[in-house]
Amino acid sequence: MSEVNVIAGNERTKSRSGGKVGNVWLRPSKGNKGEPPLTRARIVKAAVALLDDEGMDRLTMRRLAERLQVGTTTLYWHVATKDDVVDLAVDAIFGETQVPDQHTESAREDIAALVGDWRNAMLRHPWAATVPARQRPLMGPNFLAWMEFLQTALVRAGLTGKQLNAATWALYNHVMGATATQSSLQLSAEETRLGQEYLENRREHYPTVAANNYIADHDWDANFRLGLDFLLDGIEAASRR
């Protein structure tokens, strides 16, 4: 059995081996005494709003408590750390779009639809694309429902074992990388012009990059779809092998 210690309002759970369990989904939640005015659902809703308004760098437990109009100590009774808040907020994002109840006849169409919805969720909340940099796995129930649907479709496409996991990560990285870039790389028309001019002046060194309008190509939707097609074509080729 896990040993739960409450120290200065923070919950610390130890595994049988004595190591700390650092993921909110793997720790038992605290029971509430009666019906407190502050709930985990309220905290998560406020955290998503704060992150949407101000971004990941501005999220602190103090600022979140102020938005909720409660004391920081009260907030810590419901969530142990800021990382817990982020984990809960990210999973709430995946809960905004319902995973289909069943698969269609085409595994490829199922994968493309799910990945497209995933991208849209990240673009609505661009701060969420920075979560992988924190080196914390996504393990909430909403995200895992998405992952179950995705991996089931990949199995239907003919992938198993190492191929299945590699394809899962390739699609994961395509969504998270593309949305992070789209959200952060916002060049003005003047910056784009100067960037292309810079490449033209160095065409002898970078002839292919200069010739293909690399800096000025801001068609994020088309580039995402084409990149996804490359991945899905590769998945189909691997399943045939």
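The shown structure was predicted, so the numbers you read here are calculated from the model rather than taken from an experiment.

> Please clarify how the overall build of the chain should be interpreted in this entry.
When you go through the chain residue by residue, the secondary structure sums to 10 helices and 2 strands. Its helices and strands in sequence order give the chain the pattern β-β-α-α-α-α-α-α-α-α-α-α, from N to C terminus. Relative to all contacts within the chain whose residues are 6 or more apart in sequence, the contacts with residues 24 or more apart total 67%. Total accessible area computed for the chain in this model is approximately 14100 Å², and 52% of it derives from carbon and sulfur atoms.

> Explain helix H8 (residues 189-200) to me, please; I cannot follow it from the model alone.
For an α-helix, 3.6 residues make a turn, and residues three or four places apart therefore share a direction. Over its 12 residues, H8 runs 16 Å from end to end, which matches the ideal 16 Å to within 8%, given 1.5 Å per residue. Buried within H8 we find Thr192, Gly195, Gln196 and Leu199. For H8, the angular spread of buried residues about the axis comes to 95°, placing them on one side. Looking at the buried positions of H8, the neighbouring elements they touch are helix H9 (207-211).

> Looking at this structure, how should I read the nonpolar core?
Side chains of nonpolar character tend, in soluble globular proteins, to be buried together. In this structure, Leu64, Leu75, Trp118, Met122 and Leu154 are the most contacted members of the largest nonpolar core, which totals 53 residues. Within the residue set of this core, elements represented by two or more residues are helix H1 (40-54), helix H2 (61-68), helix H4 (82-94), helix H5 (107-124), helix H6 (141-156), helix H7 (161-184) and helix H10 (220-240). Not counting the four nearest positions on each side in its chain, Leu75 is found in contact with Leu38, Ile43, Met61, Leu64, Ala65 and Leu68.

> Is there a simple way to think about the environment of Leu51 in this case?
Here Leu51 lies in helix H1. For the pair formed by Leu51 and Trp127, sequence separation is 76 residues and the distance between their alpha carbons is 6.8 Å. If near-sequence neighbours (up to four positions away) are discounted, Leu51 is found in contact with Met56, Leu59, Ala89 and Trp127.

> What is the right way to read the packing of H5 against H10 from this model?
In helix packing, the relevant descriptors are the interaxial angle and the interaxial distance, both defined with respect to the helix axes. Running from N to C, H5 and H10 point in directions that differ by 145°, and their axes come no closer than 11 Å. For the pair H5 and H10, the crossing hand works out as right-handed. For the pair formed by H5 and H10, the contact residues are Arg108, Ile111, Ala112, Val115 and Arg119 on the first element and Trp220, Asp221, Phe224, Leu228, Asp229, Leu232, Asp233 and Glu236 on the second. The residue inventory of the contact of H5 with H10, partitioned by class, reads 7 nonpolar, no polar and 6 charged.

> Looking at this structure, I do not really get the environment of Leu59. What am I missing?
With respect to the element layout, Leu59 can be found in the loop between H1 and H2. When residues no more than four places from it in sequence are discounted, the contact partners of Leu59 are Leu50, Leu51, Leu64, Lys82, Val85 and Val86.

> Please explain the UniProt feature "DNA-binding region" (unreviewed entry) in the chain as it appears in this structure.
The UniProt feature table records "DNA-binding region" (unreviewed entry) at residues 60-79. The distance separating the terminal C-alpha atoms of residues 60-79 is 12 Å; by composition the span is 75% helix and 0% strand.

Basis of the calculations
- Residues numbered from 1 in each chain as written.
- Predicted model: local features only at pLDDT ≥ 70, side-chain atom pairs only at ≥ 80, totals over all residues.
- Heavy atoms only, no water.
- Helix = DSSP H or I, 4+ residues; strand = E, 2+ residues; numbered from the N terminus.
- Contact = heavy atoms within 4.5 Å.
- Areas by Shrake-Rupley, 256 points an atom, 1.4 Å probe, with all protein chains shown as cover.
- Expected span 1.5 Å × (residues − 1).
- Buried < 20%, exposed > 50% of the residue type's maximum accessible area, 1.4 Å probe, protein only.
- Arc of directions from axis to C-beta.
- Core = buried A, V, L, I, M, F, W, Y, C linked by side-chain atoms within 4.5 Å.
- Axes fitted to C-alpha atoms, helices over the stretch in contact; angles between N-to-C directions.
- Left-handed = near helix turned anticlockwise from the far one by under 90°.
- Nonpolar A, V, L, I, M, F, W, Y, C, P; charged D, E, K, R; others polar.
- UniProt positions renumbered as here; feature names shortened; annotations may be inferred.

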